[in-house]
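Take a look at the letters that make up each chain.
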Amino acid sequence: MRLGLMAVPVAFFALFFAYPVTAIVGRGFRTDDGWRFGRIGEVLGRPDILDVLWFTTWQALASTALTLLIALPGAYVFARFAFPGKQVLRAVVTVPFVLPTVVVGTAFLAVLGRGGLLDELWGVRLDTTVWAILLAHVFFNYAVVVRTVGGLWSQLDPRQEEAARVLGAGRFAAFRRVTLPALVPAVAAAALMVFLFTFTSFGVVQILGGPAYSTLEVEVYRQTAQLLDLPTAAVLTLVQFTAVGAILAVHAVTVRRRERALKLVDPAQTSRRPRGAGQWALLGGVLLTALLLILLPLGVLVERSLDGPGGYGFGYYRALQSAGSGATSTFLVPPLEAVGNSLRYALVATLIALVVGGLAAAALTRRAGRLVRGFDALLMLPLGVSAVTVGFGFLITLDKPPFDLRTSWILVPLAQALVGVPFVVRTMLPVLRAVDERLREAAAVLGASPLRAWREVDLPLVRRAVLVAAGFAFAVSLGEFGATVFIARPDTPTLPVAVARLLGRSGELNYGQAMALSTILMLVCAVSLLLLERIRTDRSGEF
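Keep in mind that this is a model prediction, so the values were computed, not measured. (Residues numbered from 1 in each chain as written. Predicted model: local features only at pLDDT ≥ 70, side-chain atom pairs only at ≥ 80, totals over all residues. Heavy atoms only, no water.)

Regarding the overall build of the protein chain
Defined as follows: The secondary structure listing takes helices from DSSP runs of H or I that are at least 4 residues long and strands from runs of E that are at least 2 residues long, numbered from the N terminus. Any residue under 20% of the maximum accessible area for its type is buried, any over 50% is exposed, and the rest in between are partly exposed; the area is computed with a 1.4 Å probe on protein chains only. Two residues form a contact once any of their heavy atoms are found within 4.5 Å. Surface accessibility in these figures is a Shrake-Rupley result with a 1.4 Å probe; residues are shielded only by whichever protein chains are displayed.
Of the regular secondary structure elements, the protein chain holds 23 helices and four strands. Split into buried and exposed, the 543 residues of the protein chain put 54% on the buried side. Contacts in the protein chain between residues far apart in sequence, at least 24 positions, make up 79% of those at least 6 positions apart. In the form shown here, the protein chain has an accessible surface area of approximately 22,900 Å², with 64% of it arising from carbon and sulfur atoms.

Brief notes about helix H5 (residues 101-112)
The test is simple: What a helix should span is 1.5 Å times the count of its residues minus one.
Across its 12 residues, H5 extends 16 Å between first and last C-alpha, which sits within 8% of the 16 Å expected from 1.5 Å per residue. Three or more residues of H5 are buried, namely Val103, Val104, Gly105, Thr106, Ala107, Phe108, Ala110, Val111 and Leu112.

A short note on the packing of aromatic side chains
Here is the rule: For Phe, Tyr and Trp, where Trp contributes only its six-membered ring, two rings pair if their centres lie within 6.5 Å, and the inter-plane angle classes them as stacked under 30 degrees, edge-to-face over 60, or tilted in between.
Taken as a whole, this structure holds 13 aromatic pairs when the rule is applied. The interplanar angle of 75° and the centroid separation of 5.4 Å between the aromatic rings of Tyr76 and Phe81 together place this pair among those described as edge-to-face. A ring pair is formed by Phe139 and Phe140, whose centres lie 6.0 Å apart and whose planes are at 75°; its orientation type is edge-to-face. Like Phe140, Phe139 is buried. Here a set of aromatic residues connected by ring pairs shows up, and it is made of Phe12, Phe13, Phe16 and Phe17.

Remarks on the nonpolar core
This is how the line gets drawn: Here, nonpolar core means buried Ala, Val, Leu, Ile, Met, Phe, Trp, Tyr and Cys residues that are tied together by side-chain atoms lying within 4.5 Å of each other.
Judged by nonpolar contacts, the single largest core of 153 residues is most densely connected at Phe12, Phe394 and Phe423. Of all hydrophobic cores here, the second largest spans five residues; its members include Val435, Ala443, Ala453 and Val457.

Thoughts on the pattern of salt bridges
Where charged atoms from two side chains of opposite charge approach closely, those side chains can pair. The condition that has to hold: For salt bridges, the criterion is a side-chain nitrogen of Lys or Arg within 4 Å of an Asp or Glu carboxyl oxygen.
With the rule as written, the count across this model stands at two salt bridges. The salt bridge partner of Arg222 is Glu219, with a shortest N-O separation of 2.7 Å. Placement of the pair is Arg222 and Glu219 together in helix H11 (residues 216-226), with a separation of three residues, close to one helical turn. On the basis of relative accessibility, which here comes to 3%, the residue Glu219 falls in the buried class.

Here's the deal with the environment of Phe108
Along the chain, the position of Phe108 falls in helix H5. Judged by its relative accessible area of 5%, Phe108 is buried. Separated by 27 residues in sequence, Phe108 and Leu135 place their C-alpha atoms 9.0 Å apart. Leaving out residues up to four positions away in the same chain, Phe108 has contacts with Gly113, Leu135, Ala136, Phe139, Leu208, Leu293 and Pro297.

Some points on the packing of helix H7 (residues 130-153) against helix H13 (residues 276-306)
What counts here: Axis definition: a line fitted to C-alpha atoms, over the contacting stretch in the case of helices. Angles run 0 to 180 degrees between N-to-C directions. Convention used here: angles under 35 degrees read as roughly parallel, angles over 145 as roughly antiparallel, angles from 65 to 115 as roughly perpendicular, and any remaining angle as oblique.
It is the contact of H7 with H13, at a shortest axis distance of 11 Å, that shows an interaxial angle of 105°. The angle between the axes of H7 and H13 places the two elements in the roughly perpendicular class. Packed against H7, whose contacting residues are Leu135, Val138, Phe139 and Tyr142, the element H13 presents Val286, Thr289, Leu293, Ile294, Pro297 and Leu298 at the interface.

A short note on the environment of Val145
In this fold, Val145 is placed in helix H7. When its relative accessible area of 0% is taken as the criterion, Val145 is described as buried. Separated by 72 residues in sequence, Val145 and Pro73 place their C-alpha atoms 9.8 Å apart. The residues contacting Val145, other than those within four sequence positions of it, are Thr67, Leu68, Ala71, Leu72, Ala75, Gly150, Ala190 and Val194.

Quick look at the environment of Thr57
This is how the line gets drawn: Counting of polar contacts relies on pairs of N or O atoms within 3.5 Å, with two restrictions inside protein: one atom must be capable of donating a hydrogen and the other of accepting it, and residues adjacent in sequence are counted only when both atoms are side-chain atoms.
Mapped onto the elements of the fold, Thr57 is located in helix H3 (residues 47-80). The spatial distance from the C-alpha of Thr57 to the C-alpha of Phe195 is 9.2 Å, given a sequence separation of 138 residues. Those residues within four positions of Thr57 in sequence are excluded, and the remaining contacts are Phe195 and Phe199. Of the polar contacts made by the side chain of Thr57, one reaches the backbone oxygen of Leu53; its length is 3.0 Å.

Points about a nonpolar patch on the surface
Put simply, the rule is: The patch calculation keeps residues exceeding 30% relative accessible area without a salt bridge and links them within 9 Å when they carry like charges or within 5 Å when they are nonpolar (Val, Leu, Ile, Met, Phe, Trp, Tyr).
On the surface, Leu117, Leu121, Trp122 and Val124 cluster together into a nonpolar patch covering about 410 Å² of accessible area. Topologically, Leu117 is positioned in helix H6 (residues 117-122).

Some points on the packing of H3 against H7
Our working rule: Two helices cross in a left-handed way if the nearer one is turned anticlockwise from the farther one by less than a right angle. They cross in a right-handed way if the turn is clockwise. Note that Gly is not counted as nonpolar here; it falls among the polar residues with everything else outside the nonpolar set of Ala, Val, Leu, Ile, Met, Phe, Trp, Tyr, Cys and Pro and the charged set of Asp, Glu, Lys and Arg.
Their axes nearest at 6 Å, the elements H3 and H7 cross at an angle of 45°. With respect to H7, the axis of H3 lies oblique. Between H3 and H7 the crossing geometry is right-handed. In terms of residue class, the contact of H3 with H7 is built from 21 nonpolar, seven polar and one charged.

Here we look at the side chain of Thr232
By secondary structure assignment, the location of Thr232 is in helix H12 (residues 230-256). Judged by its relative accessible area of 4%, Thr232 falls in the buried class. Non-local contacts of Thr232, meaning those with residues more than four positions away in its chain, are made with Val43, Arg46 and Gln223.

With respect to a positive patch on the surface
The following threshold applies: Neither His nor the chain ends is counted toward charge; the positive residues are Lys and Arg and the negative residues Asp and Glu. By convention, the charge on Lys lies at NZ, on Arg at CZ, on Asp at CG and on Glu at CD.
On the surface, a cluster of positive charge is made up of Arg165, Arg171, Arg272 and Arg275. Structurally, Arg171 is set in helix H9 (residues 171-199).

Examining the confidence of the model for the protein chain
Any segment with low pLDDT has predicted coordinates that should not be analysed in fine detail. Going by this rule: Scored from 0 to 100, pLDDT reflects the predictor's confidence in each residue.
Per-residue confidence for the protein chain gives a mean pLDDT of 79; residues scoring 70 or more make up 86%. Here strand E2 (residues 34-35) stands out as the element of the protein chain with the lowest mean pLDDT, 66, in contrast to H3, whose mean of 91 is the highest. Across residues 539-543 the pLDDT falls below 50, and counting only partners more than four positions away or on other chains, this stretch makes eight contacts in the model.

This is how it looks when you write it as structure tokens:
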């Protein structure tokens, strides 16, 4: 049965990930005289490349540590506290995750750069510094920790920790011995995703770091698109691929040992109003963090979309309805149509990601040997491989029958689903593995088939995780840019692609339209996530 569940995910990744990436890397090493693998040593011996490798690694580690430090209190607050506006705030903190990096970089420049808020108030500038990069990475990945860790935390029975305290353990000791071991798989999964995203950071580093800082992803883009040096880009892609594979292998070995069956309860039973000055102070601190870190850059984004030449108004939004007038003449359709395109693509990509990721998570539920551990690592590789490589790979491989998809609309959702599947797996897997195996065995003894046992035992317990996974997949599909920019048709652009086109052209009107379109993307995501929160809350009483 396990092999049957793995068949669809393996086929999906083989065709739409391994094949394109292998083809594009192979072109970098192949010459008329044969294969030249000696290029690996030549490229890695260059001082400039060694500097890129070092900066890529340490900034990813620093970004991950800072994100965990700032976001784990938020995960606790969202998991354990009930307060007005909780659903709205949960949706808002997820919005940064879908914004194109070029837009977020511009918004952070307005706060941290020359003439920005800090410069006007205190004469402080943080652009072209590592701190600007780290803060932007926390801005992006705050929701990863809050939703991944908080999703499991809200289903842990708090009475177990209360029992430890009754037996004499202090508050911290009870948390360390009871709650923390149960949270380790979810924390590790969140840390892994944050590290992979920051390890492959592109837009944030390019805009906020300036020419002084370059990650592997930035260097791959520079070598491919600007210098046309495909061999060097192929070596860097291979290095990035190898590093990510090694990280995932270590994660699979170390975290799997700490996973165990847990007693999961209805999240409604664990959420209550804060008690005491300490809990209210914690809630206030989390709200202040969300205000300064999340809402302030988003507020700058909205303000710029409304600040037109003639004063504040909706002039930039009205200009989005025209396709061929002056500044937007490169669009075959009105830029506003990108909203509908993105929603359709994201819905299809979410369905694909849920099917592929759900089957993969079910196959990985039980502990197994090296084959399954390797399969677990494979599912995370799209987060650690250059999106530039994947996009180029799609163009040069999926152009011949029976997989001639270059002119098909399905190509964009397939590329988006590649990024969504890891989130589905990492969100569902800790909850699936926490289900007591004896419940499945009891269902089998009573005559239930494996499918019915899944429907009657697993599904009621993981339904909430499925909805969280769907929200993540939908969000990352809306904001996916790296691969989509190469394969989206000119007459059906997505929101991030349309924003990038506008930002790539000079002129105040283009910049204002980019801000307006980015604000629309932000609002669409916020509304979608808020609806998801309401659906999830309404159904929480069923399990």
